[in-house]
Structures are given as C-alpha cells and as structure tokens.
Amino acid sequence: MKSLKIVTIGGGSSYTPELIEGFIKNYPELPVSEICLVDIEEGKEKLEIIGNLARRMVAKADLPIKISTTLNRKEALVNADFVTTQFRVGMLEARSKDEKIPLKYETIGQETNGPGGLFKALRTILVILEICQEMMEICPKAWLINFTNPAGLITQAIHKYSPFKNVIGVCNGPIGMQKQIEQILESDASHVYVEFAGLNHMVFAKNIYLDDENVTTQVIEQFCQQIDQQGLKNIEAVDWNPRFIKALNMLPIDYVRYYWQSDLMLEAQLKEWNEKQQTRADVVKRVEQELFEIYQNERTDEKPKQLEERGGAYYSEVAVNLINSIYNDKRDIHTVNVLNQGAISDLNADEVVEVNSIITKHGPIPLATGSLPLPIRGIIQQIKAFELMVIEAAIEKDYDKVLLALVTNPLSRDDHRSEAIINELAEAHKKYLFN
C-alpha cells in the first residue's frame, strides 16, 4: 500500500494527541508514513510540546511514523495526501472576546453561534482560502478535512470562493448524538442507523432505526426521561421541555438550545459571568493549561483522560475514519458537511449541508433526505442565509454587510445593539480582520 503523508494545520492544538491516537489505532488500514504538524510563531512552544508527545506515542506503538513539526506551511504541504485543519485565528484569547463582549449587551456569547461565531468566521475565511490556494499549487490531489469552526460555514466559503474542491467539513456533533442514541437503545453502530439532516451545529436526528425498525418515537420517549439530557461537554445545557421534543419528534443537536432556549441559555451565561467572572473560554484555558503540563511530562506517552474535558470528543474517530474511508474507497456512510446537490430539497444544490454521505475515493456522495420537516425548515433556511451573508461580507470586507448578516441571525436582539456589538468586536479583533 502507498504510504501517506498527513499535514495538520493547527498542530499545536490540545486536540492533536487524540488525532495521533486515531492514526496509531488505524495504522493496519491506513499506513501513515509522516504526520507533519504545522502552527504559527505564537503557537511554537505548544507545537513542540505536542510534537514530542506524538513521537513518544508513536514510539510506544512501535510504528514507523515520522512526526515532524514546522512553522512553514508551504513546506509542510509538499507531497501531502491529506490536510486537516483545526486552527483558531487569535487563539483562545480571541474566543474569550467572542464570548464576553456580546454578554455586555445581553446577547448570547458563543464561539460558533451568533456574534461570536460570526467574528470567528470573519477571522478564518480569508485564511482558509489562502490555504486552499496553496494546496492548489503544492498538493492539488490532496484532500482537505476541515475541522475548523464554524465548520459548515468555512466549508461553504471554500466551495463558493475557491477553485479547490477536494474538501469535506467535519464535526464531532453527529457522532456524539449517534453514541448517545446507541446508549439509549443499548446497542451499537452495527444495528443503529441515524438519518441526520440540517447544517453544522443545526443538525437533527430526523429518523432513527434499530435494524429494520424505525424507533424514533421510542428513543425520544426515553431521551425525555433522562435526568440529564446534555450530550456535549462544551455546552452548559438546560433540559428540553419533554412535550416540545415529543411534538418535534426529532432529536436536535445541543447547539439548537441557543436558538430555542435563548433566554434560559443567556440567563445561565450571565449568571456564570456575574458570579464567577468566567465564560466557557476561561474554563477551556484552565483545562488546556493542565493538559499541557501533562503533555510536557516525558513519561506521558498516550492521550490523557483529562482531554475529554476539553470538548471535541470523538474528534479522531471522525477525522481518521473519514480519511480511512477515502483512502480505502470504503463507500461507507459518514455524516459530513458537503455540497447539498439535492440531498435537502429545501436548499440550493450549491449550499453546504450536514447530511449522511457515502464516502468514496472520489469524494462524498450526499444521501437524499427529502424536504425538511416544517418545524425546522424555516430556521435552517435562515441560518444558511446568515452563513452566505457572512461569507460575502468577509470577501468584500464590508462592515455594513456584517451588520446585515448579524441582524438576520436569530440570536440578534435588535439592529442598534448588533451594531454596538460589531463595533466592539471589530476593535477587539482588528489585528486579524480584513488585513
């Protein structure tokens, strides 16, 4: 089998050990010869720590995988077969601003939704398009597996404004929901099939099957009986109203709580800020500090248990299994962010959606799920319109269009407050915007 070179942009991320673990476990099917970890000057120290840990992990597994690190992205891309992106422009300090500034205006502060997600996208879009241009020139046959948030919006920007098309967006949300459903059914993936439909961070388990039987209603009944319905560690969730979920007859990803429990989620965020002067970004900073202390220990040669507290569970399972499926032409089904191409009849063919897709060596083939159920059709169309406006604003570097995009987002409170939030976030992030 042909040996493989994997390039990970954002290699100094605390998530990387999980990715390394995934490649080690899958080595018999996925003969990786080199994993090149790439970062920027500000992340140099973390990159070296991660690189050394990755080398210890590979040595423990006794595998011939070369781990290299570099700050030179173009150099890294030479002979790449797969490129994964997991970077955050502005690092965690930027996330902190995305979360805290909206709260000053009694608006939800969240890293991938509302004004926080908008500014994360504005900082990222031009960077990802630059990476795609470099891949076109240096490794045009490579596949880009984008994990950088907001993953669906970023993947949409690539498809709309880059000639590079070998891209798939991935998120750990659907697999987290899948595993939660498997626990409810006391079964495993070989017997459970979940039909997902929607957008990244706005996806729904539309139909759930146990072998040949549609068990959606039964799963929802059991889900509503759970004391703690929360699935994702990075969201402090308020339990759903069981009557509402039963009427919906679909399971929403936890992020939907920001839209359908807006006042409760905002109240919880404000309480956390007022009592502890912290947001989720502050929690993540503490977790990362603890993780890197563990990573630096020369006796550490495996992914530590504490990484689960970082959020992003099953990251390596999603990314590595997807790469495995492309490389080995497995033609199995993954839930990914891809061009719609008719999968959801209520959205345009050239709009990126998050749906089940058959994965081949030629790329993903989205599976038709038909029309969106009426209760979710409007909000999904609204969020897609928001995404497209954000991308256009970033390309044109137009703050009036940024305002237009935010006001159309369901988390916006009003146009005047939105303008104030945009002005403050633009000032806070001016180093990374429209330069």
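Residues numbered from 1 in each chain as written. Predicted model: local features only at pLDDT ≥ 70, side-chain atom pairs only at ≥ 80, totals over all residues. Heavy atoms only, no water.

Some thoughts on the pairing of strand β4 (residues 82-85)
- Taking every second residue as pointing to the same face, both faces of β4 are buried, with Phe82 and Thr84 on one and Val83 and Thr85 on the other.
- Inspection of the sheet shows β4 paired to strand β5 (residues 143-146) by four bridges, in the parallel sense. Residue valine 83 lies in a different strand from β5, and its bridge partner there is leucine 144. (Buried < 20%, exposed > 50% of the residue type's maximum accessible area, 1.4 Å probe, protein only. Helix = DSSP H or I, 4+ residues; strand = E, 2+ residues; numbered from the N terminus. Pairing = 2+ DSSP bridges.)

Some thoughts on the environment of arginine 417
- Checked against the element boundaries, arginine 417 lands in helix α16 (residues 415-428).
- On the accessibility criterion, arginine 417 (23% relative accessible area) is partly exposed.
- When the C-alpha atoms of arginine 417 and tyrosine 105 are compared, they prove to be 6.8 Å apart, with 312 residues separating the residues in sequence.

Describing unusual backbone geometry
- Cis geometry is found at the peptide bond from asparagine 149 to proline 150, where omega equals -10 degrees.
- Structurally, proline 150 can be placed in the loop between β5 and α6 (151-161).
- The phi dihedral of glutamate 106 falls on the positive side, at around 50 degrees, and the residue is not glycine.
- Considering the arrangement of structural elements, one finds glutamate 106 in the loop between α4 (91-104) and α5 (114-138).

Quick notes on the pattern of salt bridges
- Counted according to the given criterion, the structure contains 26 salt bridges.
- Here glutamate 221 makes a salt bridge to lysine 246, at a shortest N to O gap of 3.4 Å. Taken together, the positions of glutamate 221 in helix α8 (residues 216-225) and lysine 246 in helix α9 (residues 242-248) put the pair 25 residues apart, joining distant regions of the chain.
- Glutamate 221 sits in the partly exposed class, given a relative accessible area of 33%. (Salt bridge = Lys/Arg side-chain N within 4 Å of Asp/Glu carboxyl O.)

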